[in-house]
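Letter by letter, the chains look like this.
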Amino acid sequence: MSATVVDKTQEEGLHEPHPKKNYLTADHTIKSWLLTVDHKRIAVLYLISTTFFFFLGSIAAAFIRAELTNPMGTLLTSETYNKMFSAHGIIMVFFFLVAVIPGVLGNFLLPIMVGARDLAFPRLNLLSWYVFMAGGTCFVIALMMGGVDAGWTFYTPLSSLYSNTPITLALVGVFFAGFASIFTGLNFIATVHKMRAPGMTWFRMPLFVWGQYATGVIMILGTPVIAITLLMVAIERMFKIGIFSPELGGDPVLFQHLFWFYSHPAVYIMLLPGMAVISELMACFSRRPVFGYKFVAFSSIGIAALSFLVWGHHMFVSSQSVLQGIVFSLISFLVAVPSAIKVFNWALTMWKGSVHFTTPMIYALGFLGLFVVGGLTGLYLAAIDTDVHLTGTYFVVAHFHYVMVGGTIMAFLGGLHFWWPKMFGRMYSEFWGKLSAIIVFVGFNFTFFPQFILGYLGMPRRYHYYYFAPEWQVYHVLSSAGSTVLGIGFLMPAFYLTASLINGKRAGRNPWGAKGLEWEHADSPPVTLNFDKPVVVTGPVYDYDAEKDSEMIRAGQRLVDMVKGEEEK
Amino acid sequence: MNFPLMPPQASEHAVAYDALFWTITALTVIFTLIVGVMIYGFAVKYKRGSSADRRNAQSHNEKLEVLLLVVPTVLGLAIFAWSAVNFTSVRTPKKDEMELFVIGKRWMWHVQHMNGIRENNEMHVPVGQPIRLTMISQDVIHAMYLPAFRAQYHVVPGRYTSLHFTPTKPGTYKLLCGIHCGTQHSEMVGFVHVLSQQDFDEWLESGGNRYTKADRSMEQVGADLWKEKGCGNCHQGTDNNRAPSLNGIFNTQRTMTDGSTVLANEDYLRESILRPWDRISAGYENTMQAYANSLSEEQVLSLIAYIKSTGSGATPGQGEYEQPVRDGRALDSSSKSTIDIANDRASAGASQAKELTN
Ligand code: HEM
Ligand SMILES: [Cu+2]
Ligand SMILES: [Cu+2]
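### Observations concerning the overall build of chain A
Phase 1: For chain A, the count of helices and strands is 18 helices and two strands.
Phase 2: The principal-axis extent of the C-alpha atoms belonging to chain A is close to 80 × 60 × 45 Å.
Phase 3: Here chain A holds 569 residues, and the buried ones make up 64% of them.
Phase 4: Long-range pairs, those at least 24 residues apart, make up 82% of the contacts in chain A between residues at least 6 apart in sequence.
Phase 5: Of the accessible surface of chain A, which amounts to about 19400 Å², a share of 70% is contributed by carbon and sulfur atoms.
Phase 6: If the 35 positive side-chain charges of chain A are averaged to one point and the 31 negative ones to another, these points end up 5 Å apart.

Structure, rendered in structure tokens:
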């Protein structure tokens, strides 16, 4: 993106007397971190905390996979097993996936990408992190009290009257996490509307910003619904006021309507930011503008809108009328269309591009492959008839892991590797980076592909034992073996990225030769207020030239050939 | 080692289901291949430094976008329509269904046949006979899941739900719980035994071999309860000033005190027994005692079976499977096999349908 810079420092003849400070070195006290209102520092806080929760959730997953290698189970009681999958689901959904890309990459980049010095409400942003941590703490305490066993979906009346685990505390935790995400959404929307730099028109915004914006809209429209719903469960639990339990005069299916009214859009809260990252990666490493920019931008908005109309596809067999089911099924097919558009456009972005196989790009290509499978298997579930047999089985488990791990987490890791040099000013080892991307891709498929077959065979999810179906074991063993590989793939970045902070090469402003305000006008790491001088945008977004980029390499190659030829003579 | 790829295919719907399932699978494979080839092809051909022609690159192309929008939409709608047709047909009750009652409770399945035989975690059904399960939960939500029949439906507390299937192959198949219901969710499993017609009749006559012979049918149990609880003190043969008569009330439209009308289906009857104050029939006062704490789900089902046995209204388009065929029939249906009952009902239904068209 080209931009004219109004260089006030030169005009006024001011020069900094000391080596330039960036947002990391601006102040070193703990207090300066805990009371920071700098969006970049808050992003780092989110990075640390979501990484912690990811680690916690993964431990639970490891237990689940280990237990399922045997039809009779060997390690855990059923009670503990149920607590494991509940902890895994609640942590991964509410304390990791929903928060990770908006909290880390969104917070860090959104203001820089629109040329602003911070988010619209910096203090609200800090509050969001504290509220998030308060929620996380509640849930960790609930875990220490023994954990909860009603699953991440908290279906009533199991959660409200029958479970005797610390559900209320867990609900309060999720309630807080919800507010953190409302605050983030609010901030993003206000920033995009009000804080864009001069010249930064809507259609000059990177697609990352469009994606975060659409996510923000879902966050503030959907999250209040889940928050109040969970509160109602807590009220029914504590005061025995009948809302969802038939024996108290309530309606158990009402809970599902309210829950999925949020939780379907929430899958897009988890996914849209990932899609937003992928657009940036594909553009940069193909050296091309994203194909069909406007279609991709509006498909985010289309997804956000339609996602509120399909919640009933989680309830095809929970006593909906036939007509109701069919209407929800139809709309679910329609919401798949914008996702399909995005996939084709990302692939077409490479057309006549100049494709760089860097670590972030390999993650992005992995995302494309896995998301295609995840999205297409959504069709089996959106088709009301095929869903009847697959709902509540491992097929659903496989489907949403393909979209949420294969989609969101691949995108997050791709984005993290892409912007790592910007965030911390250091390069990591490309060798280890590429290796981790490949290991994650392979391990992921071994873990989750067998689960599609298991689901079709009839293995219900959340089953501790399957002694009545020993023929399923082979797929469980495959899946558990794959998950070990996947686990190694996920652990690797923790090591080499941390190592890069100490001995990584200095990155410089723009190590990837990328376009965008964050690369062209901000240091790595950026200074506290992002830019030395106010930014004015004058050119289009994604102003890449693939031909020139490739010609550079070819010219280099010709030179090498020439030298070689001389030597041979 | 053995890698099974399909569950047994043991119902009419399973065949229709698998046709659709594998068609979607074929489309999935084709689309994955198209996108895969596109990605791989582009990535290799346009690798940085390759000599590919990069002139006239386009970064948008409305015609192409519209094509990419229309083709998946049309294919998707075709799949949707097919699936909607399949679903509608499997959820539409068949004429000659045999009805079984299922109560889900943590953590077992309780099945009851019309003639009173009870089974736990097992269900015996005859091959080729359309089955209707009328289900309710006594505690949390469960789901009756029969993978070999591609059949599943939630079993919810506080309301009846139904599941319909027609087994086509004798054998023993899994019966599972499809909704997490607490500690022993994964042990809430059992088997469906699909027997030949003859085996089934024998099984039913002998009270299910391993089970004690049912001495009373559900209707008889209901009739006894009716006496024991004194229902008949108020609900007499004809409407009186204390209460309406319940004879033949099933599946008729009832008018409430607030002027609204309600179909007297199983759910209505259940609610009216357990919590009568919720809806009061026009012309009456709220004087009936609530039985919410004194009747089990099983007893409520028996009472409903008894009320149904006094006849039912023929509301067009509603529950054709419950035609008023039991009027005046002796209550000792245990001497009759369920099949006979079903056949009786079917023929009565057919003759009634004739009457209606005449
Ligand atoms: C491409 C379009 C998609 C379609 C048509 C689709 C369709 C569906 C349907 C119908 C279900 C319900 C299955 C059932 O419970 O029986 C489902 C489950 C689920 N989907 Fe998708 N999906 C799509 C994409 C996504 C995306 C993008 C995400 C997340 C980022 C996602 C996450 C989930 C989750 C978490 C569940 C499971 C919820 C649960 O029961 O616990 N899906 N999907
Ligand atoms: Cu959904
Ligand atoms: Cu269960």
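### Focus on the sheet that holds strand β5 (residues 131-137) of chain B
All names here are of chain B.
Phase 1: Spatially, five strands are ordered β3-β2-β1-β5-β8 in an open sheet, and the strand pairing comes out mixed. Each edge of the open sheet is held by one strand with a lone partner, namely β3 (118-120) and β8 (161-165). Sheet twist, expressed as the average angle between the axes of neighbouring strands with direction ignored, equals 25 degrees.

### A few points about the coordination of the iron atom of ligand 1
All names here are of chain A.
Phase 1: Of all protein atoms, just one serves as a donor to the iron atom of ligand 1, and that atom is His399 (NE2), at 2.2 Å.
Phase 2: The distance between the iron atom of ligand 1 and the copper ion (ligand 2) comes to 4.8 Å.
Phase 3: On the secondary structure map, His399 appears in helix α14 (residues 394-424).

### A short note on the coordination of the copper ion (ligand 2)
All names here are of chain A.
Phase 1: Here the copper ion (ligand 2) is held by His264 (ND1), His313 (NE2) and His314 (NE2), and the distances to it run 1.8 to 2.0 Å.
Phase 2: Counting along the primary sequence, the residues that act as donors to the copper ion (ligand 2) give the motif H-x48-H-H.
Phase 3: Relative accessible area serves as the criterion here: at 6%, His264 is assigned to the buried category.

### A word on the interface of chain B and chain A
By a widespread convention, an interface's size corresponds to the accessible area lost as its parts come together.
Phase 1: Residue-level contacts link 88 residues of chain B with 91 residues of chain A.
Phase 2: Summed over both partners, the interface of chain B with chain A buries about 7900 Å², with 69% contributed by carbon and sulfur atoms.
Phase 3: When the area that chain B buries against chain A is broken down by residue, the three leading residues are Arg48, Phe87 and His180 of chain B, summing to 10%.
Phase 4: At the junction of chain B and chain A, the tally comes to three salt bridges.
Phase 5: Our count for the contact surface shared by chain B and chain A stands at 36 residue pairs in polar contact (both at pLDDT 80 or more).

### A word on empty space enclosed by the protein
Phase 1: Under the criterion given, the structure shown has ten cavities of 30 Å³ or more.
Phase 2: Roughly 80 Å³ of volume is contained in the second largest cavity.
Phase 3: Every residue along the wall of the second largest cavity is listed here: Val388 of chain A together with His13, Phe87, Val90, Arg91, Phe149, Arg150, Ala151, Gln152, Tyr153, Leu163 and His164 of chain B.
Phase 4: Looking at the lining of the second largest cavity, the elements that each hand over two or more residues are α2 (62-91), β7 (151-155) and β8 of chain B.

### Observations concerning the pairing of β8 of chain B
Residue and element names in this part refer to chain B.
Phase 1: With five of five residues buried, β8 is to be regarded as a mostly interior element.
Phase 2: In terms of strand pairing, β5 meets β8 through five bridges, oriented antiparallel. When the bridges of β8 are listed, Leu133 appears paired with Leu163.

### Examining the nonpolar core
Phase 1: Residues Leu105 of chain A together with Met123, Leu133, Met144 and Phe149 of chain B are the most contacted members of the largest nonpolar core, which totals 257 residues.
Phase 2: The greatest single-element share of this core, amounting to 22 residues, is contributed by helix α4 (residues 78-113) of chain A.
Phase 3: In this structure, Phe149 of chain B is in contact with Ala10, Ser11, His13, Ala14, Phe165, Pro167, Tyr173, Val192 and Val194 of chain B, ignoring residues within four places of it in sequence.
Phase 4: Cys231, Leu274, Leu301 and Leu303 of chain B belong to the second-largest nonpolar core, a separate cluster that totals 30 residues.

### Quick look at the pairing of strand β1 (residues 98-105) of chain B
All names here are of chain B.
Phase 1: Within β1, seven of the eight residues are buried, leaving the element largely enclosed by the surrounding structure.
Phase 2: As paired strands, β1 and β5 are joined by seven bridges and run parallel to one another. From the neighbouring strand, Val102 faces β5, where its bridge partner is Met135.
Phase 3: Taken together, the six bridges between β1 and strand β2 (residues 108-113) define a ladder with antiparallel strand orientation. Paired with Val102 across the two strands is Val111, which belongs to β2.
Phase 4: Following β1, the chain reverses through two residues before pairing antiparallel with β2.

### Examining the packing of helix α3 (residues 39-68) of chain A against helix α5 (residues 122-144) of chain A
All names here are of chain A.
Phase 1: Between α3 and α5, whose axes approach to 10 Å, the crossing angle comes to 15 degrees. One element, α3, and the other, α5, form an angle in the roughly parallel class. Crossing hand, α3 versus α5: left-handed. Every residue of α5 that contacts α3 at His39, Ile42, Leu45, Tyr46, Ser49, Thr50, Phe53 and Leu56 is listed here: Pro122, Asn125, Leu126, Ser128, Trp129, Phe132, Met133, Gly136, Val140 and Leu143.
Phase 2: Partitioning the contact of α3 with α5 into residue classes produces twelve nonpolar, six polar and no charged.

### Considerations on the environment of Phe85 of chain A
Phase 1: For Phe85 of chain A, the location among the structural elements is in helix α4.
Phase 2: According to the relative accessible area criterion, Phe85 of chain A is buried, its value standing at 9%.
Phase 3: Separated by 62 residues in the primary sequence, Phe85 of chain A and Gly147 of chain A have C-alpha atoms spaced 10 Å apart.
Phase 4: Setting aside anything within four residues of it in sequence, one finds Phe85 of chain A in contact with Ile64, Gly151 and Arg462 of chain A together with His180 of chain B.

### Structural notes on helix α8 (residues 207-239) of chain A
Phase 1: The end-to-end C-alpha distance of α8 of chain A is 47 Å, a good match for the 48 Å that 33 residues give at a rise of 1.5 Å each.
Phase 2: By the largest-angle criterion, Gly222 of chain A marks the main kink of α8 of chain A, which is about 35 degrees, and a proline, Pro224 of chain A, follows within four residues.

### Digging into the packing of α4 of chain A against helix α9 (residues 252-286) of chain A
Residue and element names in this part refer to chain A.
Phase 1: Between α4 and α9, the shortest axis-to-axis distance is 10 Å and the interhelical angle comes to 40 degrees. For the element pair α4 / α9, the angle class is oblique. For α4 against α9, the interelement crossing comes out left-handed. Judged by residue contacts, Val93, Phe94, Leu97, Val98, Ile101, Pro102, Leu105 and Met113 of α4 engage Tyr262, Ile269, Met270, Pro273, Gly274, Val277 and Glu280 from α9.

About the cut-offs
Residues numbered from 1 in each chain as written. Chains lettered and ligands numbered in written order. Predicted model: local features only at pLDDT ≥ 70, side-chain atom pairs only at ≥ 80, totals over all residues. Heavy atoms only, no water. Helix = DSSP H or I, 4+ residues; strand = E, 2+ residues; numbered from the N terminus. Buried < 20%, exposed > 50% of the residue type's maximum accessible area, 1.4 Å probe, protein only. Contact = heavy atoms within 4.5 Å. Areas by Shrake-Rupley, 256 points an atom, 1.4 Å probe, with all protein chains shown as cover. Lys, Arg positive; Asp, Glu negative; His and termini not counted. Charge placed at Lys NZ, Arg CZ, Asp CG, Glu CD. Pairing = 2+ DSSP bridges. Axes fitted to C-alpha atoms, helices over the stretch in contact; angles between N-to-C directions. Donors = N, O, S within 2.8 Å, 3.2 Å for Na, K, Ca; no water. Buried area = accessible area lost by both parts, 1.4 Å probe. Salt bridge = Lys/Arg side-chain N within 4 Å of Asp/Glu carboxyl O. Polar contact = N/O pair within 3.5 Å; in protein donor to acceptor, adjacent residues only side chain to side chain. 1 Å grid on protein atoms, 1.4 Å probe; cavity = no way out; pocket = protein on both sides within 12 Å on 5 of 7 lines; lining within 4 Å. Points joined across faces, edges and corners; volume = space filled by probe spheres on them. Core = buried A, V, L, I, M, F, W, Y, C linked by side-chain atoms within 4.5 Å. Parallel < 35°, antiparallel > 145°, perpendicular 65-115°, else oblique. Left-handed = near helix turned anticlockwise from the far one by under 90°. Nonpolar A, V, L, I, M, F, W, Y, C, P; charged D, E, K, R; others polar. Expected span 1.5 Å × (residues − 1). Bend = angle between axes of the 7 residues up to and from the residue.

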